[in-house]
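Given next are the chains, with one letter for each unit.
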Amino acid sequence: MSLTTLRIGFLPLVDSAILVAAHAFGFAEAEGLHLELSREASWANIRDKLVYRHFDAAHMLAGLPIAATLGLSRAPTPVIAPFCLGLNGNAITLVRSLAVDLEAQLGGRVDLADARSTALALAALIKTRRAAGLAPLRLGVPHRFSSHNYILRYWLAFAGIDPERDVQLVIVPPPLIVDAMAAGEILGFCVGEPWSSVAVETGVGDIVALGCRIWQRGVEKVLGMRSDWAQANPETLAALLRALDRAARWAGDAENRTALATALARPEYVGGSPGLIARVLSGRLQVSATSEFDAPDFLMLYRDAANFPWVSQAQWLYSQMLRWGQAPAGAAAEAAVRSVFRPDLYRRALAGSGTPLPGANAKVEGALATPLAVGSTRGRLSIGPDRFFDGRHFDPDRLGAYLQGFDTTLK
Amino acid sequence: MTAKPLRIAIIDESPARAAVLEDGLREAGLTDIHLITERFQLLRQVADIAPDVVLIDLESPRRDVLDEMFAVSRAVARPIAMFVDQSDASMMEAAIDAGVSAYVVDGLRKERIKAVLDLSIARFNAFRRLQDELHEARSALADRKVIDRAKVIVMKQRGLDEDAAYALLRSAAMQQSRRIAEIATALVTAESLLGPGTTA
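The rules behind these values
Residues numbered from 1 in each chain as written. Chains lettered and ligands numbered in written order. Predicted model: local features only at pLDDT ≥ 70, side-chain atom pairs only at ≥ 80, totals over all residues. Core = buried A, V, L, I, M, F, W, Y, C linked by C-beta atoms within 7 Å. Buried ≥ 20, exposed ≤ 12 C-beta atoms within 10 Å, placed from the backbone. Helix = DSSP H or I, 4+ residues; strand = E, 2+ residues; numbered from the N terminus. Contact = placed C-beta atoms within 7 Å. Expected span 1.5 Å × (residues − 1). Pairing = 2+ DSSP bridges. Axes fitted to C-alpha atoms, helices over the stretch in contact; angles between N-to-C directions. Nonpolar A, V, L, I, M, F, W, Y, C, P; charged D, E, K, R; others polar.

Draft legend 1. Focus on the nonpolar core. Residues and elements named next belong to chain A. Counting residues in hydrophobic clusters, the biggest one holds 182 residues, and the most contacted among them are Ile18, Ala21 and Trp155. Among the elements that line this core, the one with the most residues is helix 11 (residues 234-251), at nine residues. When residues no more than four places from it in sequence are discounted, the contact partners of Ala21 are Phe27, Ala247, Trp250, Ala251 and Leu260.

Draft legend 2. Spotlight on helix 11 of chain A. Its 18 residues give helix 11 of chain A an end-to-end C-alpha distance of 25 Å, which sits within 8% of 26 Å, the value for a rise of 1.5 Å per residue. By the criterion of burial, helix 11 of chain A is predominantly enclosed, with 13 of the 18 residues buried.

Draft legend 3. Structural detail: the sheet that holds strand 1 (residues 4-10) of chain A. All names here are of chain A. Pairing is mixed in the open sheet, where five strands are placed in the order 2-1-3-11-4. Unpaired on one side and paired on the other, strand 2 (33-39) and strand 4 (79-84) mark the two borders of the sheet. Pairs of neighbouring strands in the sheet enclose a mean axial angle of 30°, with direction left out of account. Two strands pair when backbone bridges link them, and strand 1 and strand 2 are joined in this way by seven bridges, in the parallel orientation. Across the sheet, the residue bridging to Thr4 is Leu33, located in strand 2. Running over the sheet, helix 3 (residues 43-51) touches strand 1, strand 3 (57-61), strand 4 and strand 11 (221-226) and is turned about 140° from strand 3.

Draft legend 4. Here's a closer look at the interface of chain B and chain A. The interface is formed by 20 residues belonging to chain B together with 22 residues belonging to chain A. Among the secondary structure elements, those contributing two or more residues to the side of chain B that touches chain A are helix 3 (63-71) and helix 4 (89-98) of chain B. A total of six residues in the side of chain B that touches chain A trace back to one element, the largest contributor, which is helix 3 of chain B. Here the side of chain B that touches chain A is built from residues that sort into nine nonpolar, two polar and nine charged.

Structural data, given as structure tokens:
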């Protein structure tokens, strides 16, 4: 049987795991596909190579297909996301000296389970710094449309820290982010793994907050592709989604963690230490030189419908783009956003698989405090708690009211 | 009236390629060239230079930083726009193939930019050919080294002379439809794992 070749771009991050598993462990071949994975250095490359058809599909920040479709930084190109490459996986890390101040502010220790107290303590530190005439803290995020940017802003703004005024947010590429902290260029960052763990391991910084404790089921990376490519290649697309579904199920199984970490550590994929990557995959994180924190939801590759592209998650990202003045408001933009995540393509491809398929396309994000069995077209499906740390709910049908509820929204 | 000479900034992870590119631009009469070598403070460096054109290699993670600059162009004195728009798809593709990208200030005449980008594409392609040749030369040398080591092992174990040892390796390679260097590598690896005298 001859294989269909697909060119897929990715960035060397732990959350490329499903693509790597599909490539390295035969899941793609089993569906008649040969994946040509291209390791890229920037999200700008990913976007350009996808738009100019050098890639058929790519590992993308979930905000990128939305930004491309809306034309936020280039001419509009419809890009869709029929599959999420996982949920969560981010951490907020502060340079050691600042983490020590934060510990003191919190009476001796940072509790990773309590993102509220940590945010408020950081706000108090920022006030003290300002009173002492110090420059605003400079914090790094990988990209303006990344969930890291939105999650960090969401967390800061909860404590009354205006991300545009009280701190200085700068774009720092993940491979340079630990060095930038070591060089004093930035004093904190929010980024995907392995970079926070590398900062801890090298003694440069401490992890002070986890994405999964700010939003328990946060959308992160997706498989993105041009809409016209998906239309022209429906069978190939379905085969790819089946391969990724199998790869995700395998990758999400703790029994395969060592094999997956060993593969990811190879230089052609992510590179780095297999031990460190295995720890990240397990969610048992080294958060400082002396402490660990166990966060089973830290990076979710399969369970709880982690790969299902909830339209409401794209709408939440869009709400944050509106909140921070990145995207235009209006019915046309809202309709375009609703067309980006494609649960219909996900369901069609996986109708014959063992993976339970949610019956709905959208949900009220943040409403679940405990696991809930949900309507599913086949199989038993429960989705886990998806709370935001400030207790807000995001109802995609009430976007305006949601945005009016934030008092730090820029006027 | 002649146009003001273009001021060009180059960001390249490879200093050798940056030099090749700079050389080519100078030959073409473009002399106002600035290499950006510091890893951080990219925004400030670009703002200080105030270039008309920024050339950046696609292997640089700092492309996302430049992109951000483009997104918030109020951060620099003159707005920077990605040169190649949708109407220039073929040039964009050639640039992607070559591994280079360009950002330019708004309002420059397209022909002037096109000349710079054409030249960059040509230099990037030439540099890659050179690298490929170098890589081939290196791997040929590595092949010869490993084959020599394998020959010594066969000579010792089998008491053969050099020509006979080589003939044996070659026939093994032919039987298995593999390269001699692969057979030699397997033999040398086995020897190093199992110790001398166990591989025969």
